[in-house]
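As a plain string of letters, each chain reads:
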Amino acid sequence: MNRIVAYACLALSMSLVGSYVALSKPLVAVFPVFLLAWLRFGIGGAAMLHWLKKPAGEAAMTQQTKQLVFLESFLGNFLFSVCMLFGVSLSSAVAAGVIMASIPAAVALLSWLFLGERIRPRVALAIACAVVGIMFVSLSKAELVAHSQKGLEADFSSNLKWLGNLLLVGAVFCEAAYAVIGKKLTGSLGPKRITALINLWGFALVTPFGLWMAWGFDFGAVAAGSWLLLLFYALAASVWTVWLWMTGLKNVPASQAGMFTVMLPISAALVGVGVLGETVGPAQLAAFALALAGVALATFPEKKPALPA
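Residues numbered from 1 in each chain as written. Predicted model: local features only at pLDDT ≥ 70, side-chain atom pairs only at ≥ 80, totals over all residues. Heavy atoms only, no water.

1. Describing the overall build of the chain
- Scanning the chain from terminus to terminus reveals twelve helices and zero strands.
- By the burial criterion, 50% of the 309 residues in the chain qualify as buried.
- Pairs at least 24 residues apart make up 90% of the contacts formed inside the chain by residues separated by at least 6 positions. (Helix = DSSP H or I, 4+ residues; strand = E, 2+ residues; numbered from the N terminus. Buried < 20%, exposed > 50% of the residue type's maximum accessible area, 1.4 Å probe, protein only. Contact = heavy atoms within 4.5 Å.)

2. What about the nonpolar core?
- Judged by nonpolar contacts, the single largest core of 63 residues is most densely connected at Tyr20, Phe31, Met84, Met100 and Tyr233.
- Elements represented by at least two residues in this core include exactly α1 (3–28), α2 (33–47), α3 (63–90), α4 (93–100), α5 (103–115), α7 (151–185), α8 (191–214) and α9 (224–249).
- Apart from residues lying up to four places away in sequence, Phe31 is in contact with Leu36, Leu39, Phe217, Val222, Ser226, Trp227 and Leu230.
- By size, the runner-up hydrophobic cluster in this structure holds five residues, among which are Met48, Trp51, Leu235 and Val239. (Core = buried A, V, L, I, M, F, W, Y, C linked by side-chain atoms within 4.5 Å.)

3. Concerning the environment of Glu278
- Of note, Glu278 is situated in the loop between α11 (263–274) and α12 (282–299).
- When its relative accessible area of 16% is taken as the criterion, Glu278 is described as buried.

4. Observations regarding the packing of aromatic side chains
- Inspection of every chain in the model, using the stated rule, returns 13 aromatic pairs.
- Centroid distance Phe219 to Trp227: 6.4 Å. Interplanar angle 15 degrees. Geometry classified as stacked.
- Residue Phe219 is classed as partly exposed on the basis of its relative accessible area, which comes to 30%. (Phe/Tyr/Trp six-rings, centres within 6.5 Å; stacked < 30°, edge-to-face > 60°.)

In structure tokens form, the structure reads like this:
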């Protein structure tokens with residue numbers, strides 16, 4: 001595959017992730033989180049049943065590959081969806097965009113912890129930028145609630161904002177683990193089969209919770225627009241983004257692919273402001289600038305010293 005096409009796949013994948021992270025805000029106002037996740041995996045699975053079959057030229061999965069497929073789904077699909085959906089429901093799409101900007105730093109941190117890679121000074125500074133940016137978002141949202149409400153109600157809402165931001169941080173580390181494990185999987189499985197297998201595991205994991213939520217839910221009260229948004233969310237989250245990411249990752253080093261996660265927070269914030277009507281204050285703009293500075297520090301390659309003549 002042409003390297004430019006691989007770059008385009010990675011950029012489009014992260015742009016779609018940012019879009020559905022933001023658009024999940026109105027969906028969690030209609031569907032309970034576990035029901036929404038269950039419907040997402042179910043619709044996605046129905047759309048790619050034919051991708052589950054093993055291609056003729058593909059080797060049988062080893063035990064390690066099966067374990068990696070499960071971890072990829074458990075962390076990147078199941079836990080990411082739960083943390084992201086609950087987090088966005090308690091916070092905002094703009095806050096989600098800023099916090100998601102710390103994904104490259106999280107990838108670097110997980111690489112250090114599990115792969116023994118050294119964290120360069122620039123990456124350490126990037127992690128610091130991400131942490132400060134997250135604190136700015138949390139403080140600005142808490143202060144906003146405290147000025148608009150009074151007494152115990154303000155304290156309760158403020159605590160929920162902090163919880164939402166904490167869950168979004170959890171989603172960041174789930175997405176980072178997804179990126180690290182995904183690179184190993186692309187060495188033994190094709191992008192389409194990886195996409196279908198991890199979605200199938202996600203559906204299995206969330207089915208008990210989804211059935212529980214569906215039991216007393218009034219499906220007839222859901223507007224047609226919400227169903228259309230759910231269809232886009234399911235196809236984007238379960239099919240398009242995963243296939244695009246795995247396709248690009250197969251042809252690009254993981255460290256280089258990490259730079260394209262900058263498209264996630266940008267698209268999430270743009271959708272939050274342009275479509276959902278959210279506002280961005282000075283503190284959030286400063287947080288967003290810090291987060292993007294961290295992305296630049298963590299992902300831009302350093303110049304190699306010139307060799308002596």
